[in-house]
Amino acid sequence: MSAVDLARLQFATTTSFHFLFVLLTLGLVTLLVVMQTRFTITGAPVHERMTRFWGRIYVINYALGIVTGIVMEFQFGLNWSGLATYAGDVFGAPLAMETLIAFFLESTFLGLWIFGWGRLNRWLHLALLYLTALTAFASAFWIMAANGFLQHPVGYRVDGNVLRLDDFGALLTNPTFTSALTHVVFAAITVGGVFMTGVSAYHFIKRTPEVDFFRRSLRMGVVTTALATPALIGAGFAQFPVIAKFQPDKTEAAPWIGAPLGFMILIGMGLTMVSWLTLPLLVKDAVIRMRFPLYLMVIGIPFPFVAAIFGWMFREIGRQPWLVYGLLRTEDAVSHVDASQILLSLIVFTFLFLVLACVDWVLIARAVRRGPDVAPAPVSPMVVTL
Amino acid sequence: METLWLTVLGVLTVGYFALAGFDYGTGLLLPFRGREVSLRRMNPFFLGNEVWLVAAIGVLFAAFPRLEGELLSGAHSTFTLVLAGLVLFMAAVQLRLWWWLVFTGALMVSVGWGLFLAHLLHAPWPVAFVMPVLFAVHGWVFQTRRWKLFPVTALLCALPIPLAFSSIDVTGLMAHDDTLGLLAWVAIPIIPLVVLVQWSIVAISSR
């Protein structure tokens, strides 16, 4: 394999792993906002315990997800130096906004939320979670703005052999950005809903004594999924006219590119149908007493993750052979490094990410199995004492 | 503009190394010290440093686009070592299964940064050991709570790489003023805000 093939494979691997963490982070933080708001207003212990239990899973996932994000960020410079050289003035702006306004602040607010548990005023503590959620979505906003530029470059002028930033506003109204951002946000909320449903179902399968706790969680998961999936599908289909206009040859980029797209749509439709069918079964806990749907809910957890990866495959592979559509070819952007160096880093990171995904799985499973605490114990110090 | 952005980059890099130094130092000293206590003392600071690194690389990309790629890809294998060490260190600290994985991760990151220092200075590879030694000393100062020495060792960890970096001539490698002006509005207020909130985290967790 050539350096460009290896670098592409590495980018695909890193991004895919990273995005799995991102989806769950964004999905869970949205649900946590609802839970903690209810706790702060009502003061009911069940909402506090829900915030704590789901918050712990969220923190585990966040802390390990950061690592994949760091590798992701370095990768632009390591393997794709041509991108920064040529388009860094424009593409770099939203990317730097993401690191500064979004990630830098998000992690810091989250840190204070973790260590401020039970030590800060209730409303102040809630405000920190709102800020964390807000900056998390800001992160998605800027990353999608950067990616939208790669799909359909706008707001630039050519200056010699580099691009210059001409109109920053154009980057934020780019149709390939706005339509995709909505799609990604609802995908994350769907992941949150499906995950919460599945984990709650697992506890009912295990005949949990925490009936009230997991009944509420399961309902919240199902309702979230039912509300998010139609919007997800709507935002998905809304992208086809945009693609037809700006990337008419997208479906011909690779002969098999229709397959992941098809599977993604199938999973999306399936989740919509199943979640709406489950809604009436929430009455009098029918779905819990029937038991067999519980198994389907657990099996369902990986599906929205898989669908999201398929979606990205279509979006990114469909852009080829361009890195910046119509302006910079992928093969021209790869760094001048030896293929063997890229191969080495590809092997090292793929191995480490597999380990990381397993660690995430083990730690989350451990937290899930332990269930909600009867006696309140602090969520923090980080994931370590869980 | 040039001075401003070199300062921003310098502050972020110094922030990272000053905060990361005693994390990695703690990891390096694990074979010789009480592991439970050492790691617990590190808790409130854990992950606090990586955000500075991410911000620094973001600024490097946007403000110095013609430099970022050359700098990183020019030391490809060194950064593979640094990043692999980071992944290992962060995962191992959280998993807490085998302490020697924490040690190995810390060793890989610090030797990696040492190799990068040697690369920047065009110095022979044994210079790489400067960084692990400095981190270990800083970690020891932190663990034994010698707070008077702490700012000194923090600076010793923080300064070598930014100083070595300052030997690079950035003329012509920076982004256009249109991009830099826009980013300045964001970068300048955010840094003090993060410092304030991180300070609160430490203050609140030691209560």
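Attention here is on the structure that accompanies the text. (Residues numbered from 1 in each chain as written. Chains lettered and ligands numbered in written order. Predicted model: local features only at pLDDT ≥ 70, side-chain atom pairs only at ≥ 80, totals over all residues. Heavy atoms only, no water.)

**Focus on the overall build of chain B**
And then number 1: The helix and strand tally for chain B stands at 10 helices and 0 strands.
And then number 2: Starting at the N terminus and ending at the C terminus, chain B contains elements arranged as α-α-α-α-α-α-α-α-α-α.
And then number 3: The globule rule puts the C-alpha radius of gyration for 207 residues at 17 Å, and the 17 Å found for chain B is close to it.
And then number 4: Counting only C-alpha atoms, chain B reaches 50 × 40 × 30 Å along its principal axes.
And then number 5: Within the span of chain B, comprising 207 residues, buried residues form 59% of the whole.
And then number 6: For chain B, restricting intrachain contacts to residue pairs at least 6 apart in sequence, the fraction spanning at least 24 positions comes to 77%.
And then number 7: Counting 10 positive and 9 negative side-chain charges, chain B places the averaged centre of each group 27 Å from the other. (Helix = DSSP H or I, 4+ residues; strand = E, 2+ residues; numbered from the N terminus. Rg over C-alpha atoms; globule rule 2.2 N^0.38 Å. Buried < 20%, exposed > 50% of the residue type's maximum accessible area, 1.4 Å probe, protein only. Contact = heavy atoms within 4.5 Å. Lys, Arg positive; Asp, Glu negative; His and termini not counted. Charge placed at Lys NZ, Arg CZ, Asp CG, Glu CD.)

**Digging into the interface of chain A and chain B**
And then number 1: The partner chain B presents 58 residues to the 60 residues of chain A that form the contact.
And then number 2: Overall, the association of chain A and chain B removes approximately 5,400 Å² of surface from exposure, summing both partners, and the carbon and sulfur fraction of that is 78%.
And then number 3: For the pair chain A and chain B, the number of links is 2 salt bridges.
And then number 4: The partner of D89(A) in a salt bridge is R66(B), and the shortest N-O contact between them spans 2.8 Å.
And then number 5: Of all the secondary structure elements, the ones that give two or more residues to the side of chain A that touches chain B are α2 (45–79), α3 (81–115), β2 (162–165) and α14 (339–370) of chain A.
And then number 6: Ranked by the residues each element gives to the side of chain A that touches chain B, the list is headed by α3(A), at 23 residues. (Buried area = accessible area lost by both parts, 1.4 Å probe. Salt bridge = Lys/Arg side-chain N within 4 Å of Asp/Glu carboxyl O.)

**A short note on the nonpolar core**
And then number 1: W54(A), L83(A), F91(A), F104(A), W5(B) and W113(B) are the most contacted members of the largest nonpolar core, which totals 197 residues.
And then number 2: Per-element accounting of this core gives the leading share, 20 residues, to α3(A).
And then number 3: If we ignore the near neighbours within four places in the chain, the residues touching F91(A) are F76(A), L83(A), A146(A), F149(A), L150(A) and F61(B).
And then number 4: Among the nonpolar cores identified, the runner-up in size contains 10 residues, and V194(A), L261(A), M264(A) and F314(A) belong to it. (Core = buried A, V, L, I, M, F, W, Y, C linked by side-chain atoms within 4.5 Å.)

**A look at a nonpolar patch on the surface**
All names here are of chain A.
And then number 1: On the surface, a nonpolar cluster with roughly 630 Å² of combined accessible area is contributed by M290, F292, Y295, L296, I299 and F303.
And then number 2: Broken down by element, the residue count for the nonpolar patch peaks at 4 residues, all from helix α11 (residues 292–300).
And then number 3: Along the chain, F303 falls in helix α12 (residues 302–317).
And then number 4: On the basis of relative accessible area, F303 is assigned to the partly exposed category, the value being 40%. (Patch = residues over 30% accessible without salt bridge, like charges linked within 9 Å, V, L, I, M, F, W, Y side chains within 5 Å. Areas by Shrake-Rupley, 256 points an atom, 1.4 Å probe, with all protein chains shown as cover.)

**Thoughts on the pairing of strand β1 (residues 156–159) of chain A**
Residues and elements named next belong to chain A.
And then number 1: Relative to β2, β1 runs antiparallel, the two sharing 4 bridges. Bridging across to β2, R157 finds its partner in R164.
And then number 2: Between β1 and β2, which follow one another and run antiparallel, lie 2 residues, and G160 among them has a positive phi close to 65°. (Pairing = 2+ DSSP bridges.)

**A look at the packing of aromatic side chains**
And then number 1: Inspection of the entire model under this criterion finds 37 aromatic pairs over all chains.
And then number 2: Where F53(A) meets W54(A), the ring centres are 5.0 Å apart and the plane angle is 80°; that geometry is what we call edge-to-face. Of the two residues, F53(A) and W54(A), neither departs from the other in class, the shared state being buried.
And then number 3: Centre to centre, the rings of F74(A) and F79(B) are 5.6 Å apart; their planes meet at 40°, and the pair counts as tilted. With one member in each of two chains, F74(A) in helix α2 and F79(B) in helix α5 (residues 76–95) form a pair that bridges those chains.
And then number 4: Given a relative accessible area of 3%, F79(B) falls into the buried group.
And then number 5: Its end group placed over the ring of F314(A), K250(A) keeps NZ or CZ at 5.8 Å from the ring centre.
And then number 6: When the ring centre of W322(A) is taken as origin, the NZ or CZ atom of R329(A), which lies over that ring, is 4.8 Å away. (Phe/Tyr/Trp six-rings, centres within 6.5 Å; stacked < 30°, edge-to-face > 60°. Lys NZ or Arg CZ within 6 Å of the ring centre and 35° of its normal.)

**Notes on the environment of I70(A)**
And then number 1: Examined against the element boundaries, I70(A) turns out to sit in helix α2.
And then number 2: Here I70(A) falls in the buried class, since its relative accessible area comes to 1%.
And then number 3: For the pair I70(A) and H18(A), spaced 52 residues apart in sequence, the C-alpha separation works out to 9.5 Å.
And then number 4: Look past the residues within four positions of I70(A) in its chain and what remains in contact with it is E50(B), L53(B), V54(B), L83(B) and L86(B).

**Description of the side chain of Q198(B)**
And then number 1: Examined against the element boundaries, Q198(B) turns out to sit in helix α10 (residues 177–205).
And then number 2: Look at Q198(B) and you get buried, because its relative accessible area is 14%.

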